[in-house]
Amino acid sequence: MFLSETDLQSIWLTLRLAGVVTLILFVVGTPIAWWLARTRSPLKGPVGAVVALPLVLPPSVLGFYLLVAMGPNGPVGQLTQALGIGVLPFTFWGLVVASVFYSLPFMVQPVQNAFEAIGDRPLEVAATLRASPLDTFFTVALPLAAPGFITAGILTFAHTVGEFGVVLMIGGNIPGVTRVASVQIYDHVEAMEYGDAHRLAAVMLVFSFLVLLALYLWRPNPKNT
């Protein structure tokens, strides 16, 4: 068989994680991107910097602080234990929380750029037609920003698929629970199973290339518009 059962299990877990994280970030990232695109608050700079922090922060640093926060003695861990959920580290939902933070800029920044590209004119026209702010957002801003949402969704999904440091710090290496494809490749290399590592890495390489190829082929060419 080209891929082992554990390889296929890790791929399925990776795709599941990426799908859940992307859906959550559509909900969480959209209002953040809208606020950053429209606000004139002096807090725009600090909030934007916090959102972009995972782009420059070593994954181990982010993973460490998330591990402390979600651990049994951390504020998030104490809250989840009080709610009867238990602690999140070394669970699938712990991976989801960590990946949401780590992939946040890949959702927010493209959507923010799309909102900023709309300009004020369409929103002002909607206001003159007595559309409420909510109606304006859903009937004007969202449709005009649709290309940005597609780009953000693809980048967020692909970035989550390729995560390693954060998921290893938060999830460890539990088969079927937290062992995603990147960790599975690492395991193969540690065990000197280079053939297995090569096959799984090749699958992930082809997948990542096809995702990015689809993104670049879909993007409209400004020269042709």
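Residues numbered from 1 in each chain as written. Predicted model: local features only at pLDDT ≥ 70, side-chain atom pairs only at ≥ 80, totals over all residues. Heavy atoms only, no water.

- An unreviewed UniProt entry annotates the protein chain as Molybdenum transport system permease originating from Thiocapsa roseopersicina.
- According to UniProt, the comment filed for the protein chain under the heading Function (unreviewed entry) is "Part of the binding-protein-dependent transport system for molybdenum; probably responsible for the translocation of the substrate across the membrane."
- Among the UniProt annotations of the protein chain, the heading Sequence similarities (unreviewed entry) holds the following wording: "Belongs to the binding-protein-dependent transport system permease family. CysTW subfamily." (UniProt positions renumbered as here; feature names shortened; annotations may be inferred.)

### Some points on empty space enclosed by the protein
Phase 1: A full pass over the atoms with the stated rule returns one cavity of 30 Å³ or more.
Phase 2: Considered as a void within the structure, the largest cavity measures approximately 40 Å³ in volume.
Phase 3: As for the largest cavity, its lining consists of Thr-6, Gln-9, Ser-10, Pro-175, Gly-176, Arg-179 and Gln-184.
Phase 4: Sort the elements by how many residues they give to the lining of the largest cavity and helix α1 (residues 5-38) lands first, with three residues.
Phase 5: Looking at side-chain class alone, the lining of the largest cavity contains one nonpolar, five polar and one charged residues. (1 Å grid on protein atoms, 1.4 Å probe; cavity = no way out; pocket = protein on both sides within 12 Å on 5 of 7 lines; lining within 4 Å. Points joined across faces, edges and corners; volume = space filled by probe spheres on them. Helix = DSSP H or I, 4+ residues; strand = E, 2+ residues; numbered from the N terminus. Nonpolar A, V, L, I, M, F, W, Y, C, P; charged D, E, K, R; others polar.)

### Points about the UniProt feature "transmembrane region" (unreviewed entry) in the protein chain
Phase 1: Per the UniProt record, the feature "transmembrane region" (unreviewed entry) sits at residues 12-37, 49-70, 82-104, 137-158 and 200-218.
Phase 2: The distance from the first to the last C-alpha atom of residues 49-70 is 23 Å, and the span holds 91% helix and 0% strand.
Phase 3: With 100% helix and 0% strand, residues 200-218 has end C-alpha atoms that lie 27 Å from one another.

### A few points about the packing of helix α8 (residues 146-161) against helix α11 (residues 194-218)
Phase 1: Contact geometry for α8 and α11: axes closest at 11 Å, N-to-C directions at 170°. Considered as vectors, α8 and α11 are oriented roughly antiparallel to each other. Contact residues: Pro-147, Ile-150, Thr-151, Ile-154, Leu-155, Phe-157, Ala-158 and Val-161 in α8; Met-204, Phe-207, Val-211, Leu-212, Leu-215 and Trp-218 in α11.
Phase 2: Class assignment for the residues of the contact of α8 with α11 results in 13 nonpolar, one polar and no charged. (Axes fitted to C-alpha atoms, helices over the stretch in contact; angles between N-to-C directions. Parallel < 35°, antiparallel > 145°, perpendicular 65-115°, else oblique. Contact = heavy atoms within 4.5 Å.)

### Focus: the nonpolar core
The nonpolar side chains of a soluble globular protein tend to be buried with one another.
Phase 1: One finds Leu-17, Val-111, Phe-115 and Val-180 to be the most contacted residues of the largest nonpolar core, which totals 30 residues.
Phase 2: Counting only elements with at least two residues in this core, the list comes to α1, α5 (92-118), α6 (121-128), α7 (133-144) and α8.
Phase 3: Considering every element that reaches this core, the biggest residue donor is α5, with eleven residues.
Phase 4: If near-sequence neighbours (up to four positions away) are discounted, Val-180 is found in contact with Ser-10, Leu-13, Thr-14, Leu-17, Leu-95 and Val-167. (Core = buried A, V, L, I, M, F, W, Y, C linked by side-chain atoms within 4.5 Å. Buried < 20%, exposed > 50% of the residue type's maximum accessible area, 1.4 Å probe, protein only.)

### A closer look at the packing of α5 against α8
Phase 1: At a minimum axis separation of 8 Å, α5 and α8 run at an interaxial angle of 160°. By the angle between their axes, α5 is roughly antiparallel relative to α8. As for the relative orientation of α5 and α8, their crossing is right-handed in sense. Touching Ser-99, Tyr-102, Ser-103, Phe-106, Met-107, Pro-110, Val-111, Ala-114 and Phe-115 of α5 are Gly-148, Phe-149, Thr-151, Ala-152, Gly-153, Leu-155, Thr-156, His-159 and Thr-160, all from α8.
Phase 2: Looking at the contact of α5 with α8 residue by residue, the class counts come to ten nonpolar, eight polar and no charged. (Left-handed = near helix turned anticlockwise from the far one by under 90°.)

### As for the packing of aromatic side chains
Phase 1: For the structure on display, the rule yields ten aromatic pairs.
Phase 2: Here Trp-34 and Phe-137 contribute two aromatic rings whose centre-to-centre distance is 5.1 Å and whose plane-to-plane angle is 75°, an arrangement assigned as edge-to-face. Placement of the pair is Trp-34 in helix α1 and Phe-137 in helix α7, with a sequence separation of 103 residues.
Phase 3: Trp-34 sits in the partly exposed class, given a relative accessible area of 24%.
Phase 4: For Phe-137, a relative accessible area of 14% gives the class buried.
Phase 5: Pairing Phe-164 with Tyr-186 gives two aromatic rings, centres 5.4 Å apart and planes at 55°, and the pair type is tilted. Placement of Phe-164 in the loop between α8 and α9 (165-171) and of Tyr-186 in helix α10 (residues 181-190) is noted, with a sequence separation of 22 residues between them. (Phe/Tyr/Trp six-rings, centres within 6.5 Å; stacked < 30°, edge-to-face > 60°.)

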